[in-house]
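The lines below spell out each chain.
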Amino acid sequence: LRISGEQFSDTEIGSGDFPGIARHLHQSRELGEPFDFLTWFEYAPSNSAAFEELVLRMRSAEEWKYVECEVDVRLVMRK
């Protein structure tokens, strides 16, 4: 993601140090959704601590000051 020629660190954070976590990012503005972006993550229960670290890093990134609303929904797949 590039805005005004600057690399946003949240994209870098979400794609680098967390190989056990899959990130799906969609721009939803064009879909008529109330959010600009929709992101979801998938990970095994054994990667829960890594996911919490990822969320902490993203929330402390400079870009986070532009977040107006966050909805954190967590689902567990049962077999």
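Note that the structure is predicted; figures quoted are calculated from it, not measured.

Colleague: Would you mind going over the overall build of the chain with me for this structure?
Modeller: Within the chain one finds two helices and four strands. From first element to last, N terminus to C terminus, the chain shows the α and β order β-β-α-β-β-α. Residue burial in the chain is summarised as follows: out of 79 residues, 16% are buried. The long-range fraction of contacts in the chain, counting pairs at least 24 apart against all pairs at least 6 apart in sequence, stands at 34%.

Colleague: What is the right way to read the confidence of the model for the chain from this model?
Modeller: Detailed conclusions should not be drawn from predicted coordinates in areas where pLDDT is low. Taken as a whole, the chain shows an average pLDDT of 78; of its residues, 80% reach a score of 70 or greater. Mean pLDDT across the secondary structure elements of the chain bottoms out at strand β1 (residues 2–3), with 34, and peaks at helix α2 (residues 48–59), with 92. Residue range residues 1–11 is modelled with pLDDT below 50. Its contacts to residues more than four positions away, or to other chains, number 14 contacts.

The rules behind these values
- Residues numbered from 1 in each chain as written.
- Predicted model: local features only at pLDDT ≥ 70, side-chain atom pairs only at ≥ 80, totals over all residues.
- Heavy atoms only, no water.
- Helix = DSSP H or I, 4+ residues; strand = E, 2+ residues; numbered from the N terminus.
- Buried < 20%, exposed > 50% of the residue type's maximum accessible area, 1.4 Å probe, protein only.
- Contact = heavy atoms within 4.5 Å.
- pLDDT = per-residue confidence, 0-100.

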